[in-house]
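Tertiary structure, described
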Amino acid sequence: MGAKALKAVEDGDMKIVPQRFEKIWNNWLTDIHDWCVSRQLWWGHRIPVWYVGESGESEYIVARNEGEARKQAVEKGHPEDVILRQEEDVLDTWFSSGLWPFATVGWPFTEGEEDSDLARFYPGTCLETGYDILFFWVARMAMMGLELTGKAPFDVIYLHGLVRAADGSKMSKTKGNVVDPLDTVAEYGADSLRYSLVTGVTPGQDIPLNMEKIEANRNFANKLWNCCKFVTDNALKGADEEEMKTLGVNGPIGKEEFEKLSLPERYIVSKCHSLVASVTSDIENYQLGAAGSKVYEFLWDEFADWYIEISKTRLYEGAGGGGEEEAKAARRVLVYILDTSLRLLHPYMPYVTEQLWHHIPRPSATEDQVAHALMLADWPQMDDEVPLTTSEEAVSSFESFQALTRSIRNARAEYNVEPGKRISATIVAKGSLKDEISAEVKSLVALAKLDPEQVIVVEAGSDEAKAAAAVESVQLVVQDGVEAYLPLSGLIDPVKERKRLEKQSEKIEKEIQKLAGRLQSKGFVDKAPAAVVDKAKNELAELEDQAAKIKSSLEALS
């Protein structure tokens, strides 16, 4: 039986994930020992052995029941009233549970039961269990399944890690580090705990259960809720009844519709379609943690932080809205991205995604065509013959736009520009990228807090670009072919900035003198622990570095 289980993995009839556990499988099954299958327990499958006679165990019969055992005894020459005593021991727990894949679905199979549960559900596709019982349970299921049915009980053995305390140690009541999942669910929600466990580690690796991580994933669920609230309570307010009927997602955005969209919409749809392909591939290859993390990163970093903010420039007149058609396109993309993301995230966070999905538009169709629950809805799977539409050019152009926005934000922070203050900017770019940025000036204005009346986008090498370079300004080299010039007069008030820097310089100089005095004291250096002295030296070096930077800024102002 062991040899059959060994061969099933060697021949690829069963695949172990992660593959490194094949070595452990092989070690167990090539060095296999006799297995005592009896146990002295109150509960379990009583061993189907009957001893013949009032005492002794020298003669025994193996049968399905006492009637069959008696029949065998008579055939061996014993009288019909012969005393039969059934063995009182029960089968080893692992022996009993090894029968589980087929015993629970109608085994043994009899002729004429082609439509039985056994024929329908055996063998299974994937077994998911902990790596610590690979031999005790999994190998026994494989051994008995192959022996009694002729088929391996499953195609894939997926091994998860063990849940451990935050410091990696084993949970123990003695140590007092056991985490009650019910308490965790009560505080953070079932989805947060589920997502943390599934995405916490690669297959076969132990999972340290960190409460900070669970809390962060609870915050992610809140973020998702707020994204949905923005779409339903704000974006869709401008849609009439006819438009609402068209917003339900019943298939991917096709090439023709995609090419009519503006840059941010083409970017987010491209990223979403790439996400579908990547997540689908990861799940099919049992990289469940990686797939879940990618959905998180997309929803938080791309959809919430970038596209939702840009969509406001399409939806609200005060934010530079460009008309009804632009608003309609934004609503279409918002619903499409949210719907697709909820479908991808549903296996990881079933409760919150199910709840939110019922608040967004769904396609109108006959009742038997529309899923009434997200768990029954179609997976946003790509058609191999018609791949989902993406644009590398749109992704590249928008990433340049993102880099430009970040550069301006960083400059604002570096020069301590007040958060609410709008500043001027001249953007220099080449060719089609210049056209794309020009079309999205209102988005740049909103994201980088620029003055809409004092922002221009010009062609690299043009007279306007040379004029911008001649003005006293901060030059930001974003990437090859994209620069920005921010006039200093708009960034800072020289008088106020000088006073601020001088005050800061005075404060740091006092700290430097105080710390330098301690380090020059022989009593401190000789008596203080070496770690304390080193810390003081490091602090002094940092303060001197800050003082040098402030001095440089003051000289620049002069």
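Residues numbered from 1 in each chain as written. Predicted model: local features only at pLDDT ≥ 70, side-chain atom pairs only at ≥ 80, totals over all residues. Heavy atoms only, no water.

A short note on the overall build of the protein chain
Looking only at helices and strands, one finds 24 helices and 14 strands in the protein chain. Taken over the C-alpha trace, the protein chain has a radius of gyration of 35 Å; the compact-globule value for 558 residues is 24 Å, which it surpasses by more than 25%. When its C-alpha atoms are laid out on the principal axes, the protein chain stretches across 120 × 80 × 40 Å. Out of the 558 residues in the protein chain, the part that is buried amounts to 42%. If you sum the accessible surface of the protein chain, you get close to 31,100 Å²; carbon and sulfur atoms cover 50% of it. Side-chain charges of the protein chain comprise 63 positive and 92 negative groups, with the mean position of each set lying 8 Å from the other. (Helix = DSSP H or I, 4+ residues; strand = E, 2+ residues; numbered from the N terminus. Rg over C-alpha atoms; globule rule 2.2 N^0.38 Å. Buried < 20%, exposed > 50% of the residue type's maximum accessible area, 1.4 Å probe, protein only. Areas by Shrake-Rupley, 256 points an atom, 1.4 Å probe, with all protein chains shown as cover. Lys, Arg positive; Asp, Glu negative; His and termini not counted. Charge placed at Lys NZ, Arg CZ, Asp CG, Glu CD.)

Things to note about the domain arrangement of the protein chain
Assigned domains of the protein chain: these are domain 1 (1-47 + 89-160), domain 2 (211-390), domain 3 (407-491) and domain 4 (494-557). Once you take the C-alpha centre of each, domain 2 and domain 4 turn out to be 51 Å apart. (Domains from an automatic or database assignment.)

Topic: the sheet that holds strand β4 (residues 60-62)
One open sheet holds the three strands; their spatial order is β4-β3-β5, and the pairing between them is antiparallel. Lying at the two open borders of the sheet, with one neighbouring strand each, are β4 and β5 (84-86). In this sheet, adjacent strand axes meet at a mean angle of 30° when their direction is disregarded. As defined by bridge partners, strand β3 (residues 49-52) adjoins β5 across three bridges and the pair is classed as antiparallel. Bridge pairing in β5 links Trp50 to Gln86. (Pairing = 2+ DSSP bridges. Axes fitted to C-alpha atoms, helices over the stretch in contact; angles between N-to-C directions.)

Notes on the packing of helix α2 (residues 21-30) against helix α7 (residues 134-149)
The contact between α2 and α7 brings their axes to 11 Å, and the two run at 75°. Between α2 and α7, the angle is such that the two are roughly perpendicular. Residues Phe21, Ile24, Trp25, Trp28 and Leu29 of α2 lie in contact with α7, whose contacting residues are Leu134, Phe135, Val138, Ala139, Ala142 and Met143. Here the contact of α2 with α7 is built from residues that sort into 11 nonpolar, no polar and no charged. (Parallel < 35°, antiparallel > 145°, perpendicular 65-115°, else oblique. Contact = heavy atoms within 4.5 Å. Nonpolar A, V, L, I, M, F, W, Y, C, P; charged D, E, K, R; others polar.)

Observations concerning the nonpolar core
Counting 50 residues, the largest nonpolar core has Val269, Phe303, Leu334, Ile337 and Leu345 as the members making the most contacts within it. For this core, the elements supplying multiple residues, two or more each, are α10 (211-233), α13 (263-284), α14 (288-315), α15 (324-345) and α16 (350-357). With 11 residues, α15 is the largest single contributor of residues to this core. Core analysis: the next-biggest nonpolar cluster, separate from the first, contains 33 residues, Phe401, Ile437, Val478 and Leu491 among them. (Core = buried A, V, L, I, M, F, W, Y, C linked by side-chain atoms within 4.5 Å.)

A closer look at the sheet that holds strand β11 (residues 423-429)
With respect to topology, four strands assemble into an open sheet ordered β12-β11-β14-β13, the strand pairing being mixed. At either margin of the open sheet sits one strand with a lone partner, and together these are β12 (450-459) and β13 (473-479). Within the sheet, the average angular offset between the axes of one strand and its neighbour, ignoring direction, is 20°. Contacts from helix α18 (residues 431-439) reach β11, β12, β13 and β14 (482-487), with the element oriented near 165° to β12. Those strands touched by helix α20 (residues 463-470) are β11, β12, β13 and β14, and its axis lies near 125° from that of β12.

Comments concerning unusual backbone geometry
Note: most residues except glycine have negative phi, and most peptide bonds are trans. With an omega of 0°, the peptide bond between Val17 and Pro18 qualifies as cis. Mapped onto the secondary structure, Pro18 falls in the loop between β1 (15-17) and α2. Of note, the amide linkage connecting Tyr122 to Pro123 takes the cis form, showing an omega dihedral of 0°. Among the structural elements, Pro123 can be located in the loop between α6 (117-121) and β7 (124-130). Phi at Asn416 is positive, roughly 55°, even though this residue is not glycine. Within the element layout of this structure, Asn416 appears in the loop between α17 (392-414) and β11.

A short note on α18
Looking at α18, one finds that the buried residues are Leu433, Lys434, Glu436 and Ile437. On an axial view of α18, the arc spanned by its buried residues comes to 165°, and they lie on one face. (Arc of directions from axis to C-beta.)

Here's the deal with the pattern of salt bridges
Per the stated rule, a full pass over the model turns up 19 salt bridges. The shortest N-O distance in the salt bridge between Arg218 and Glu215 comes to 3.6 Å. Residue Arg218 and its partner Glu215 are located together in helix α10, separated by three residues, close to a single helical turn. What makes Arg218 partly exposed here is its relative accessible area of 23%. A residue is classified by how much of its surface remains accessible, and Glu215, at 34% relative accessible area, is partly exposed. When the shortest N-O distance is used, the salt bridge between Arg332 and Glu257 registers 2.8 Å. Here the residue Arg332 occupies a position in helix α15, and Glu257 occupies one in helix α12 (residues 255-259), the gap between them amounting to 75 residues. Three or more residues are tied together by salt bridges with common partners; here these are Glu243, Glu324 and Arg331. (Salt bridge = Lys/Arg side-chain N within 4 Å of Asp/Glu carboxyl O.)

Some words on a nonpolar patch on the surface
Where nonpolar side chains cluster on the molecular surface, the patch consists of Ile24, Trp28 and Phe136 and spans about 260 Å² of accessible area. Looking at where Ile24 falls in the secondary structure, it is placed in helix α2. The exposure class assigned to Ile24 is partly exposed, which follows from its relative accessible area of 35%. (Patch = residues over 30% accessible without salt bridge, like charges linked within 9 Å, V, L, I, M, F, W, Y side chains within 5 Å.)

Things to note about the packing of aromatic side chains
With the rule as written, the count across this model stands at 19 aromatic pairs. Ring geometry for Phe102 and Tyr122: centres 6.0 Å apart, planes at 85°, overall edge-to-face. Here Phe102 is found in helix α5 (residues 100-103), whereas its partner Tyr122 is found in the loop between α6 and β7, with 20 residues between them in sequence. Tyr122 matches Phe102 in its accessibility class, with the two residues each being buried. (Phe/Tyr/Trp six-rings, centres within 6.5 Å; stacked < 30°, edge-to-face > 60°.)

A closer look at the packing of α10 against α16
It is the contact of α10 with α16, at a shortest axis distance of 11 Å, that shows an interaxial angle of 5°. One element, α10, and the other, α16, form an angle in the roughly parallel class. Here Leu224, Trp225 and Cys228 of α10 come into contact with α16, specifically with Val352, Thr353, Gln355 and Leu356. Each residue belonging to the contact of α10 with α16 can be placed in one class, and the counts come to five nonpolar, two polar and no charged.

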